[in-house]
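Observations on the model geometry
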Amino acid sequence: MASPPHFFHPCSRISHPAPILLFLLLLLPSVSLGVNVTALLAAYPDLSGFNRLLSSTPVAGDLTWRSSLTLLVVPNAYLLRSGDLGRSTADIADVLRYHVLLEYLSWEELRRIPAAGKLVTTLYQTTGRAFNDLGAVNLTRDSRGGAVTARSPVPYSSSNATILSLVESLPYNVSIFAVDALLVPYGFDLAASETRPAAPVNITRVLVDGRDFNVAASMLEASGVAGEFEADERGAGITVFVPTDEAFAELPVTERLQSLPAERKSVVLRFHVLHSYYPLGSLESIVNPVQPTLATEATEAGRFTLNITRANGSVAIDTGVVQASITRTVFDQNPVAVFAVSRVLLPKEIFSKDSAGGGPRPEVAPPPAQAGASAPKGPDGVETPPTRLSSPPGFEVGGDIRSAASRYRDSITNGVALLCIGYLYLLLV
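Structure report, in brief. (Residues numbered from 1 in each chain as written. Predicted model: local features only at pLDDT ≥ 70, side-chain atom pairs only at ≥ 80, totals over all residues. Heavy atoms only, no water.)

A look at unusual backbone geometry
- Residue Pro171 is joined to Tyr172 through a cis peptide bond whose omega torsion reads -10°.
- If you trace the backbone, Tyr172 turns up in the loop between strand S6 (160-170) and strand S7 (174-179).
- The residue Arg211 is not glycine, and still its phi comes out positive at about 75°.
- With respect to the secondary-structure elements, Arg211 resides in the loop between helix H9 (203-210) and helix H10 (214-223).
- Positive phi, close to 55°, is recorded for Phe304, a residue that is not glycine.
- Inspection of the secondary structure assignment puts Phe304 in the loop between helix H15 (294-297) and strand S11 (305-311). (Helix = DSSP H or I, 4+ residues; strand = E, 2+ residues; numbered from the N terminus.)

And the structure:
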């Protein structure tokens, strides 16, 4: 079957590099390309409506660090036929996530889809909000005409879209196809969402339903801190980092969290909350790593802050006393995001050795080369907590987050140098 005609001007296609460059690229370290999908779509006026929806929701940030995906976009003419989309941001975001297939698919692969179809996981499926786990898309191919259709895996679903043409392809990272209709997940009612009031999220209930957060849910409820979240949800939103029950169980005996006075225990709980809504994609690409918490607002600027960075494919959270990593998304619906973290986040203002009225710092054995050395001191004469603490899952043992970023930059620099050598070789021969 001949390839379908390109939907846009052929000159917009990205040319393929020479074989020697492909060989050189294979020698580079494997890193995420971090493709800006909205920037790619900006080159196509016929896709401006869909691109505007992506940019106005957290979905654009969710895609930043995805290294393998296929995006189904709806041109303006077909988007208008889908009716009024002036619904809540959270509802539109989930519909857009249903158009993100979590694997790279080329035209050639679409032409080889079996008669029974191919079930592909979507970004919407990963949120846990898919009706009866039916957040996948079934791709089928007409054996006579060759048309490829995307639809809900539920038999006789009324929501389906035919793939029109290829928009962009960056093998094997991102492919973008135009489709003739907006896909709506099964059990999702856009019309009902138009009049549905935006009720505040009961975060305690979210944690209880998550099953692994009984200790955190009990502490939030008993302290009254959970009641403060509703006001924050009406503003810029909130992001909550919740330690699992296992993380609480692994607290060393020197960290007497449960024996703290009620006021200080509430401060520790507020220390786990950012006063803004950050989906996972935004946390992964955060520009300013030092983030104030709800505990910061109750004290003073510069205190009770979290250092959030990306290392080894995970989001790392450094309190100055412990390092933790995000292990999974528990809840993500604007304006509330809840993430499970591998350790209890202990603020240095309470748990460092020199903190007034705080408990003792946990015992951490220094590296062999540094044994017996005292901790470095800052301008105010206070010892700066070491960065080499016990590593959370996914990090190198005893590794520093900043050193990982340095190695990443070095690998990119070496890769660019290698490409330049390749070009010089081609010119010389």
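Some details on the pairing of strand S13 (residues 323-333)
- Sheet topology note: the strand S12 (residues 314-318)/S13 ladder contains three bridges and is antiparallel. Directly across from Ile317, in S13, lies its bridge partner Ala324.
- Hairpin remark: S12 followed by S13, antiparallel, with four residues in the connecting loop; positive phi at Gly320, about 95°.
- Here six bridges tie S13 to strand S14 (residues 336-341), and the two strands are oriented antiparallel to one another. Looking at the pairing, Gln333 lines up with Val336 of S14. (Pairing = 2+ DSSP bridges.)

What about the environment of Val321?
- For Val321, the position within the fold is in the loop between S12 and S13.
- Through-space distance from the C-alpha of Val321 to that of Leu345 is 8.3 Å; in sequence the pair is 24 residues apart.

What about the packing of H10 against helix H13 (residues 262-270)?
- Their axes nearest at 10 Å, the elements H10 and H13 cross at an angle of 125°. One finds that H10 runs oblique with respect to H13. Seen from above, H10 lies across H13 with left-handed handedness. Between H10, through Met219, Leu220 and Ser223, and H13, the contact on the second element is made entirely by Lys265, Ser266 and Leu269.
- Tallied by class, residues from the contact of H10 with H13 come to three nonpolar, two polar and one charged. (Axes fitted to C-alpha atoms, helices over the stretch in contact; angles between N-to-C directions. Parallel < 35°, antiparallel > 145°, perpendicular 65-115°, else oblique. Left-handed = near helix turned anticlockwise from the far one by under 90°. Contact = heavy atoms within 4.5 Å. Nonpolar A, V, L, I, M, F, W, Y, C, P; charged D, E, K, R; others polar.)

Note that all results are geometric; they support no functional claim without further evidence.
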